[in-house]
Amino acid sequence: MPSFDFDPQSYAELPAERQLSVSVALLPVLATVVFLGVGSAWLKLPPHVPLFWSVAFTGLVGYYVVGLSWDDLYDGIANGLMMGLQALLILFTIYALIATWVSAGTIPGLMYYGLELLSPTVFLPVTAVLSAAVAFAIGSSWTTVGTLGVAFVGIGAGLGIPEPMAAGAILSGAYAGDKQSPFSDTTNLAAAVTNTDLYDHIRAMRLGTALAFGIAVAGYILLGLRAAGTIPTGQIAELQTALTGTYSLSLVVFVPLVVTFGLAIAGYPALPALAAGVFAAVGTTALVQGASFTVAWEIFMNGTAPETGSKLVDGLLATDGLTGSAWTITVVVAALALGGLLERIGVLAALAHHLARGFRSAGLLVAGTGVSAIAVNALTAQQYMSIVLPGMTLRNLYEEHGLQSRDLSRAIESAGTPTGALIPWHAGGIYMASALNVPTLEYFPFYFFGFLSPLVLMFIAATGWQLDVESPAGQSAPTAD
């Protein structure tokens, strides 16, 4: 679980100059929306540019309107980067890991046997369920997507499944499994910031997660039925021939996978488990695929460009290595800097405070919590912030409305954790798009769990199902268990 060097302050705890009015708090928010819309959607600029505009504008608001010093603003940026440091390091490592797993034959091996075992009809639901199982076992949606997810995209392409559909199924499973895993950093974080027992938090999410994921799997079954019979004659044999003609495929090529997932299941954090997977893959590249020590580490740095005789396989297995992470890392750095500034200036606390004044019932509070988590995701580009800020600023309101802490922890994780991958400039959205090589807006319509998880939360808020509202006598009212 990530460590935090600062506690986001509530509105009442802020100095007077940072207790912003709604109009001032909305200035950098609306400017960011306009900059992203004009820069990315209209001018077709890379997201770095409008994010840089937003950082500069927010800094000017903090300096001239709020009256903060440059040191205060710099500290805000630094805190934002520290919040996302683990994500940045994982991004670096994942780019190298994917390249070395390709050169080792691990991903080609998974593709080869996957093409042997799966069919277009069952591919999408099976992919979602397997991704959920792996993410639950290791507690990391990012690791699942960056390893098995890459192979599943390749298998799907060989079976004639559009890559955005495959990516959507992978993400749905990865985030559903991650949410229910006691090893997940976001699951532990949501419980910690709301003072909820970890397993109480997991149990509170269980039925809602099962409902959202069950509907998602049903959707993938329907999509799979439509995809049946679309494989060109001989394509699977052609792809398998291209793979075996380029890579030496045996059980040994799965050593990096066993090392990575074995360490994760044993309880090691994601970063050292992934780093161990890189070393295992470099060793397998040299020992099994016959590459020299120098070439294996050059692949680590610069990626792969296989020539298998199949354009489809070449495209699927082409990677950029560690150096290829620069574009993604710089977007995440800009987004984290913006999030840190918004927190330091007091924008996020002010918006939470003014929003909370409109919560007149327990249901509105739960729904508002979900909306707040999604909004913080969009503004800070960091899923940890989407959990920490609503969790810390709204927990007193839950007590006032007679709700339990597990109602708050469920709300922030149900809306905060899975929706980041739907936002193109969010660390999760950028990572998933780059790992799977499918743009965020292309997999967006097929990432069913990303929509369904917050929708189920809204259903809970509207109906009171699963809410633990205390009666005036202090006893819990009956719920729809």
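For the structure, see preceding data.
Let me sum up the structure you'll find in this document. (Residues numbered from 1 in each chain as written. Predicted model: local features only at pLDDT ≥ 70, side-chain atom pairs only at ≥ 80, totals over all residues. Heavy atoms only, no water.)

**Here we look at the packing of helix 8 (residues 163-180) against helix 23 (residues 448-463)**
Orientation of helix 8 relative to helix 23, taken along the N-to-C sense of each, is 40°, at an axis distance of 8 Å. With respect to their mutual orientation, helix 8 and helix 23 come out oblique. Here Ser172, Tyr175, Ala176 and Lys179 of helix 8 lie close against helix 23, whose contacting residues are Phe448, Phe449 and Ser453. Considered class by class, the residues forming the contact of helix 8 with helix 23 number four nonpolar, two polar and one charged. (Axes fitted to C-alpha atoms, helices over the stretch in contact; angles between N-to-C directions. Helix = DSSP H or I, 4+ residues; strand = E, 2+ residues; numbered from the N terminus. Parallel < 35°, antiparallel > 145°, perpendicular 65-115°, else oblique. Contact = heavy atoms within 4.5 Å. Nonpolar A, V, L, I, M, F, W, Y, C, P; charged D, E, K, R; others polar.)

**Regarding the nonpolar core**
Formed by 143 residues in total, the largest nonpolar core has its most connected members in Ile107, Phe123, Trp142, Met432 and Tyr443. The biggest single contributor to this core is helix 4 (residues 85-104), with twelve residues. When near neighbours in sequence (up to four residues on either side) are disregarded, Trp142 contacts Ala87, Ile90, Leu91, Ile94, Tyr175, Gln383, Ala427, Gly428, Tyr431 and Met432. (Core = buried A, V, L, I, M, F, W, Y, C linked by side-chain atoms within 4.5 Å. Buried < 20%, exposed > 50% of the residue type's maximum accessible area, 1.4 Å probe, protein only.)

**A short note on helix 6 (residues 120-138)**
Between its terminal C-alpha atoms helix 6 stretches 27 Å, which fits the 27 Å expected from 19 residues at 1.5 Å a residue. At Val126, helix 6 shows its strongest bend, of approximately 30°. Along helix 6, the residues classified as buried are Pro120, Phe123, Leu124, Pro125, Thr127, Ala128, Ser131, Ala132, Val134, Ala135 and Ile138. (Expected span 1.5 Å × (residues − 1). Bend = angle between axes of the 7 residues up to and from the residue.)

**Points about the packing of aromatic side chains**
Applying the stated criterion across every chain yields a total of 16 aromatic pairs. Between Tyr112 and Tyr113, the aromatic rings sit 5.1 Å apart at their centres with planes inclined by 85°, giving edge-to-face as the arrangement. Plain terms: the ring middles of Phe123 and Phe152 are 6.5 Å apart, the flat faces sit at 75° to each other, and that makes the pair edge-to-face. Separated by 29 residues along the polypeptide, Phe123 in helix 6 and Phe152 in helix 7 (residues 141-158) bring together distant segments of the chain. Owing to a relative accessible area of 8%, Phe152 belongs among the buried residues under this scheme. Pairwise contacts between aromatic rings join Phe279, Phe293, Trp297 and Phe300 into one cluster. (Phe/Tyr/Trp six-rings, centres within 6.5 Å; stacked < 30°, edge-to-face > 60°.)

**Brief notes about helix 18 (residues 362-380)**
Relative to the 27 Å expected for 19 residues at 1.5 Å per residue, helix 18 spans 26 Å between its end C-alpha atoms, a close match to the ideal helical length. Burial of helix 18 is extensive: 14 of the 19 residues sit out of reach of the surface. Positive phi appears at Ala381, one or two residues downstream of helix 18, with a value of about 60°.

**Examining the side chain of Lys179**
Mapping Lys179 onto the fold places it in helix 8. It is Glu413 that comes nearest to the buried, bridge-free Lys179 among opposite-charge side chains, at 6.6 Å. Ignoring any residue separated from it by four or fewer positions in sequence, one finds Lys179 in contact with Thr187, Met205, Thr209, Glu413, Ser414, Phe449 and Ser453. (Lys, Arg positive; Asp, Glu negative; His and termini not counted. Salt bridge = Lys/Arg side-chain N within 4 Å of Asp/Glu carboxyl O.)

**Quick notes on the environment of Ala25**
If you trace the backbone, Ala25 turns up in helix 1 (residues 22-42). For the pair Ala25 and His354, spaced 329 residues apart in sequence, the C-alpha to C-alpha distance is 10.0 Å. Among residues more than four places away in sequence, those in contact with Ala25 are Leu20, Val347, Ala350 and Leu351.

**Some remarks on the side chain of Ser141**
Of note, Ser141 is situated in helix 7. Ser141 sits in the buried class, given a relative accessible area of 2%. With sequence-adjacent residues up to four places away left out, Ser141 is seen in contact with Ala174, Tyr175, Asp178 and Met432.

**A short note on a nonpolar patch on the surface**
On the surface, Leu60, Tyr63, Tyr64, Val65, Trp70 and Tyr74 cluster together to form a nonpolar patch covering roughly 730 Å² of accessible area. With four residues, helix 2 (residues 48-66) is the largest single contributor of residues to the nonpolar patch. Checked against the element boundaries, Trp70 lands in helix 3 (residues 70-83). What makes Trp70 exposed here is its relative accessible area of 53%. (Patch = residues over 30% accessible without salt bridge, like charges linked within 9 Å, V, L, I, M, F, W, Y side chains within 5 Å. Areas by Shrake-Rupley, 256 points an atom, 1.4 Å probe, with all protein chains shown as cover.)

**Points about unusual backbone geometry**
Even without glycine at this site, Lys44 takes up a positive phi of about 60°. With respect to the secondary-structure elements, Lys44 resides in the loop between helix 1 and helix 2. Even without being a glycine, Asn437 presents a positive backbone phi close to 60°. For Asn437, the location among the structural elements is in the loop between helix 21 (427-436) and helix 22 (440-443). What makes Asn437 exposed here is its relative accessible area of 59%.

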